[in-house]
Amino acid sequence: MADQVILRNVTKRFATKTLGDIVAVDNFNLAVHEGECFSFLGPSGCGKSTTLRMIAGFEDLTEGEIELCGRLVSSSSKNLYVPPEERGLGMVFQAFAVWPHMNVFENVAFPLRIQKVSNAEVTERVNKALKHTSLTGLETTYPSDLSGGQQQRIALARAIVTNPKVMLLDEPLSNLDPKLRETMRFEIKELQREFGFTIIFVTHDQSEAMAISDRMMVCDMGKIMQIDTPENLYNKPVNRFVHNFLGESTFINVDVQDGKVYPKGDHTQAIKLDIPKDAAPQMVVATRPNEIELLAATEEGFKTRIEKRIFLTDRTEYLVPVGEQMVKIQTPHRVRFAQGDSCAVRFVDPMWYPMDDEEAEKERAKRQLF
Ligand code: ATP
């Protein structure tokens, strides 16, 4: 499969009055394949939108180069910059960006009018785009008479009418209610199947990204943390940040001493775990609340007790102390313990990470304030 969007050593620095130089995007290297749905995922300020804006051509690069469909469109060393309208991309942004003074048909026809496409062809292509976005019958309606979902469909129709090879979607669903978001997600995938374009999707919503993507890039503070399939990102996160960002996490700070693992600061009982070769004396053991086994106190495991039991619609949650830390466990309802019961817990194949980097936490907070 050909690579349709390639970023090579792309860096973007902004000079700010209050914080000095900010490296919004730090040496990004990535290749999005033809027909792929690729998401940029990460917390506010991690550099998602800046990257998308550089691909779109709204933002220049400080360093590096970008190639679209085999054509170099931005290069700092060659001083090359192809403007957005010549990049052949479809774009849909968070704000619906439909023109209120134009009816649905003319909104969708707009890019074709600029390209001076013949009237007959405009009609044919707009009708096709309207059909695929379920807007047929609303041609003469004005956007103000339509719902948010319908308005976002106009934006989608206007993007697909130009037959782009690559579609950039920047939080396109964030102004919609949850039910509609789900429907639209599905519709975007259908459109992709129908028209065969490549999607780059920007979101800070991890479940949305997991549902829609073939691969995702998780970034933090202007750095790529990991690029992989949703499944691998969830099951094999390369660091604590990615682990925490995707799905629910349970972290236990531990001391590794004399070949044993103890909850940090409490060495009365060891946790039975295989210790990785490169483990430092202090580590973080990471797992998911639904992957911890909660067993009778007579079974083998870390002996503890139920501190709290919370009955939820689809599962029961328990809080159990492990040393001085409280660990959340999620079980199906059939696993029954009462508050105060003794129990044993087992951690199945957890991940191991170094202890938190406090400087990184401070830097993250600073960026989100800005
Ligand atoms: P969000 O989800 O909030 O949109 P994001 O991940 O898209 O966040 P960016 O908008 O790409 O993040 O911003 C990355 C960093 O660059 C942030 O620290 C931001 O404050 C900074 N930044 C972005 N645009 C500018 C600008 N025009 N001038 C100065 N700094 C900027």
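Please read these numbers as outputs of a predicted model, since none were measured by experiment.

Draft legend 1. Looking closely at the overall build of the protein chain. Across its full length, the protein chain holds nine helices and 21 strands. Expressed as lengths along the three principal axes of its C-alpha atoms, the size of the protein chain is roughly 80 × 50 × 40 Å. Within the protein chain, the fraction of its 370 residues that count as buried is 47%. Within the protein chain, counting contacts between residues at least 6 apart in sequence, those at least 24 apart form 65% of the total. When the 44 positive and 52 negative side-chain charges of the protein chain are each reduced to one mean point, those points stand 1 Å apart.

Draft legend 2. Spotlight on the sheet that holds strand β16 (residues 302-305). Taken together, three strands build an open sheet; the order of strands is β15-β20-β16 and the sheet is antiparallel. Whereas interior strands pair on both sides, the edge strands pair on one side only; in this sheet they are β15 (292-296) and β16. Taking the axes of each pair of neighbouring strands and ignoring which way they run, one obtains an average angle of 40° across the sheet. Pairing analysis gives four bridges linking β16 to strand β20 (residues 342-347), with the strands arranged antiparallel. Bridge assignment links R305 to a residue of β20, and that residue is S342.

Draft legend 3. Highlighting the site of the ligand. If you check the shell around the ligand, you find twelve residues, and the closest are S44, G45, K48, S49 and T50. Here an oxygen atom of the ligand and a backbone polar atom of C46 are 3.0 Å apart. Between the ligand and T50 there is a distance of 2.5 Å, counted from an oxygen atom to a side-chain nitrogen or oxygen. When isolated, the ligand has an accessible area of 630 Å², and the protein chains bury 70% of it. Of all the elements in the fold, those that place two or more residues in the shell around the ligand are β1 (3-16) and α1 (48-56).

Draft legend 4. The domain arrangement of the protein chain, seen in detail. Split into domains, the protein chain comes out as domain 1 (3-240) and domain 2 (248-353). Relative to domain 2, the C-alpha centre of domain 1 lies at a distance of 41 Å. Between domain 1 and domain 2, the contact holds seven residues from the first and six residues from the second. Counting each side, the surface lost to burial between domain 1 and domain 2 is near 630 Å², with a carbon and sulfur contribution of 52%. Seen at the junction of domain 1 and domain 2, the total is two residue pairs in polar contact (both at pLDDT 80 or more).

Draft legend 5. Molecular detail of helix α4 (residues 148-160). Compared with an ideal rise of 1.5 Å per residue, which puts 13 residues at 18 Å, α4 spans 19 Å between its outermost C-alpha atoms and is within 8% of the ideal. Counting buried positions over the 13 residues of α4 gives eleven, a clear majority of the element. Along α4, the residues classified as buried are G149, Q151, Q152, R153, I154, A155, L156, A157, R158, A159 and I160. Buried residues belonging to α4 abut β7 (89-93), α2 (104-114), α3 (119-132), β8 (166-170) and α5 (178-195).

Draft legend 6. Representation of the packing of α2 against α3 in the model. Running from N to C, α2 and α3 cross one another at 125°; their axes reach a closest spacing of 9 Å. By the angle between their axes, α2 is oblique relative to α3. You can see that α2 and α3 cross each other, and the crossing is right-handed. Together, V104, F105, V108, A109, L112 and R113 of α2 and N119, V122, T123, R125, V126, N127, A129 and L130 of α3 make up the contact between the two elements. For the contact of α2 with α3, the class distribution of residues is nine nonpolar, three polar and two charged.

Thresholds applied
- Residues numbered from 1 in each chain as written.
- Predicted model: local features only at pLDDT ≥ 70, side-chain atom pairs only at ≥ 80, totals over all residues.
- Heavy atoms only, no water.
- Helix = DSSP H or I, 4+ residues; strand = E, 2+ residues; numbered from the N terminus.
- Buried < 20%, exposed > 50% of the residue type's maximum accessible area, 1.4 Å probe, protein only.
- Contact = heavy atoms within 4.5 Å.
- Lys, Arg positive; Asp, Glu negative; His and termini not counted.
- Charge placed at Lys NZ, Arg CZ, Asp CG, Glu CD.
- Pairing = 2+ DSSP bridges.
- Axes fitted to C-alpha atoms, helices over the stretch in contact; angles between N-to-C directions.
- Near = heavy atom within 4 Å.
- Polar contact = N/O pair within 3.5 Å; in protein donor to acceptor, adjacent residues only side chain to side chain.
- Areas by Shrake-Rupley, 256 points an atom, 1.4 Å probe, with all protein chains shown as cover.
- Domains from an automatic or database assignment.
- Buried area = accessible area lost by both parts, 1.4 Å probe.
- Expected span 1.5 Å × (residues − 1).
- Parallel < 35°, antiparallel > 145°, perpendicular 65-115°, else oblique.
- Left-handed = near helix turned anticlockwise from the far one by under 90°.
- Nonpolar A, V, L, I, M, F, W, Y, C, P; charged D, E, K, R; others polar.

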